[in-house]
Each structure stands twice: as structure tokens, then as C-alpha cells.
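Residue strings, one per chain:
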Amino acid sequence: MTSLRRLMSCAAAGTAAALLLSSPAFAFEPSRGEAPARTRFVGNLEVDHQFNAIATVTFSDGSSSSLGDALLGVNAGVAHPLTSDGLFEVQAVMGFLISRINASNGSAIFWDFPLEVTAHANVGPLRLGAGPALHISPMMRGDGFASGTNLNFGTTVGAVFRAEYRLSEHWGVGFSYNWLRLSANGQSGDASRIGGSFGWYL
């Protein structure tokens, strides 16, 4: 009788232990690591301000407008991870920037075609990057009052720094600084810029 009671006590203890270990608090689940970072599409809408104007036009009413004071453009490319966690990336984007002055008797327009290759670090919501920028054949064109202002600048290499705040996995807002000198007809000038961007990642 004593042996039977002892056997029943052991069985009850074993059942209790089994139920305790099978509860959610003690359940074992294998760790699930995050998927490795992947190559992403990158697109940016850019609005820049150039410190030194390409040209300044004075109108008959005494007002003036500067070519390069505001540049609008887009670029697109890819960001490729250098580490599996995506902390470090290399990015290549190409696009255009345009600045235009319109008047009743003509217009002037400036085009730039930058190609950037930058290294980036993703630190929390911040994305910081820097690298060289190749500006391919910038040009100025005009008609009407600016018909004699056509000018081709030489292809040149500058540098760019970017800082971005990631709003979500796919969207971000950023700040950029471009160091740049443009040359034409044996003369050169500082064409450095600051700007803001709205970025898209896919």
C-alpha cells in the first residue's frame, strides 16, 4: 500500500512538472535572427542652394534673379550593404539638377548631372554618408535676352556629405553639402551648395 502511494505521488509530481515546463513562460523557442540586409533602390528629390550664382539677371524694374540660387532635381540608384546587419553601405546615385530664370523676353537655364558614390553608416534613425561626386558636363543655355550666354563647363570631381533622418523603412528627409568648383573658358569658380532632400527606399 505504501509503495502504491509513493508511486502515485511520483506520478503526480511528474505530471505537475510536465505541465509547468509546457507553459508559455517555460516554453523553448529557437532564436529567430533578422534577415540579412539587401541591396535597395534609392531615389531622392533634391532642392539645393548654390552660394555663388552662375549668373545674375537684372530686370527693367530694378529687380534681379540669380541662376543657381535655387536648384531642383532628382537622382536614383542603389545602396548595397557592406555588412550583413546593414550598418555600413555603399551607395551610387545619378541624376540632374536644374535652375531656371524666366522673363517675358527670354530665359536662362543651368543644368548639372552629378554621379555620386558614397559610403554610409546607419546609426539608429540617422544615415550619414560622404564621398566623391562626378559632375558631368554642366551647362548653361539661354534664349531671348540670354541668347549669347551658352556656356559648357568641364566635367569635374567634387565631394558630397549627406545626413538623413529615416522616417520609416522606406522614407527619409535629409541635408546635404556639396563642395564643387566649375570651370569654363580658362576660368573657374566656387559652386558649392547646401540642400535638402526627400528620400525613398525600396
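Each remark here, short or long, concerns the structure printed above.
No experiment lies behind these values; they were computed from the predicted model shown.

Reading the values: the criteria
Residues numbered from 1 in each chain as written. Predicted model: local features only at pLDDT ≥ 70, side-chain atom pairs only at ≥ 80, totals over all residues. Heavy atoms only, no water. Helix = DSSP H or I, 4+ residues; strand = E, 2+ residues; numbered from the N terminus. Contact = heavy atoms within 4.5 Å. Areas by Shrake-Rupley, 256 points an atom, 1.4 Å probe, with all protein chains shown as cover. Phe/Tyr/Trp six-rings, centres within 6.5 Å; stacked < 30°, edge-to-face > 60°. Buried < 20%, exposed > 50% of the residue type's maximum accessible area, 1.4 Å probe, protein only. Lys NZ or Arg CZ within 6 Å of the ring centre and 35° of its normal. Pairing = 2+ DSSP bridges. Salt bridge = Lys/Arg side-chain N within 4 Å of Asp/Glu carboxyl O. 1 Å grid on protein atoms, 1.4 Å probe; cavity = no way out; pocket = protein on both sides within 12 Å on 5 of 7 lines; lining within 4 Å. Points joined across faces, edges and corners; volume = space filled by probe spheres on them. Nonpolar A, V, L, I, M, F, W, Y, C, P; charged D, E, K, R; others polar.

Thoughts on the overall build of the protein
Thinking step 1. Check the secondary structure of the protein and you find 1 helix and 15 strands.
Thinking step 2. In the protein, once contacts between residues fewer than 6 apart in sequence are set aside, the share between residues at least 24 apart is 58%.
Thinking step 3. A total of about 11800 Å² of accessible surface is found on the protein, and carbon and sulfur atoms cover 64% of it.

A few points about the packing of aromatic side chains
Given two aromatic rings, their pairing is described by the distance between the two centres and the angle made by the two planes.
Thinking step 1. Applying the stated criterion to the full structure yields 6 aromatic pairs.
Thinking step 2. Ring centres 5.8 Å apart and planes at 50° place the aromatic pair F96 and W111 in the tilted group. You can see F96 sitting in strand β5 (residues 88-103) and its partner W111 sitting in strand β6 (residues 106-112), a full 15 residues away along the chain.
Thinking step 3. On the accessibility criterion, F96 (32% relative accessible area) is partly exposed.
Thinking step 4. Judged by its relative accessible area of 27%, W111 falls in the partly exposed class.
Thinking step 5. Looking at R166, its charged tip hangs above the ring of Y201, at a distance of 4.4 Å from the centre.

Brief notes about the pairing of β6
Thinking step 1. Most of β6 sits inside the fold, with 6 of its 7 residues counted as buried.
Thinking step 2. Inspection of the sheet shows β5 paired to β6 by 7 bridges, in the antiparallel sense. What sits directly across from N102, in β6, is S107.
Thinking step 3. Between β5 and β6, which pair antiparallel one after the other, the connecting turn spans 2 residues.
Thinking step 4. Pairing geometry for β6 and strand β9 (residues 139-144), over 6 bridges, is antiparallel. Its bridge partner being in β9, F110 is matched across the sheet by M140.

Quick word on the side chain of N44
Thinking step 1. Tracing the backbone shows N44 in strand β1 (residues 40-50).
Thinking step 2. Those residues within four positions of N44 in sequence are excluded, and the remaining contacts are G73, V74, N75, S197, F198 and G199.

Notes on the pattern of salt bridges
Opposite charge on two side chains lets them pair, provided their charged atoms get close.
Thinking step 1. This model, assessed by the stated rule, comprises 5 salt bridges.
Thinking step 2. Two residues, E89 and R40, come together in a salt bridge whose shortest N-O distance is 2.8 Å. With E89 in strand β5 and R40 in strand β1, this residue pair connects regions lying 49 residues apart in the sequence.
Thinking step 3. Among the residues examined, E89 registers a relative accessible area of 3% and is labelled buried.
Thinking step 4. Among the ionic pairs, R127 bridges to E89, the shortest N-O distance being 3.0 Å. Placement of the pair is R127 in strand β8 (residues 126-135) and E89 in strand β5, with a sequence separation of 38 residues.
Thinking step 5. Taking the relative accessible area as the measure of exposure, R127 reaches 2% and is therefore buried.
Thinking step 6. One connected set of salt bridges, linked through shared partners, spans R40, E89 and R127.

Examining the layout of surface pockets
Thinking step 1. In this structure, the largest pocket encloses a volume near 460 Å³.
Thinking step 2. A per-class count over the lining of the largest pocket returns 7 nonpolar, 5 polar and 7 charged.
Thinking step 3. Of the voids in this model, the second largest pocket is the one considered here, and its volume is about 220 Å³.
Thinking step 4. Lining the second largest pocket are 14 residues, with I54, F153, L182, S188 and G189 sitting closest to its centre.
Thinking step 5. At the level of elements, β13 (181-184) and β14 (187-190) are the ones that each hand at least two residues to the lining of the second largest pocket.
Thinking step 6. If one sorts the elements of the lining of the second largest pocket by residue count, β14 sits on top with 4 residues.
Thinking step 7. Class assignment of the residues belonging to the lining of the second largest pocket gives a composition of 7 nonpolar, 6 polar and 1 charged.

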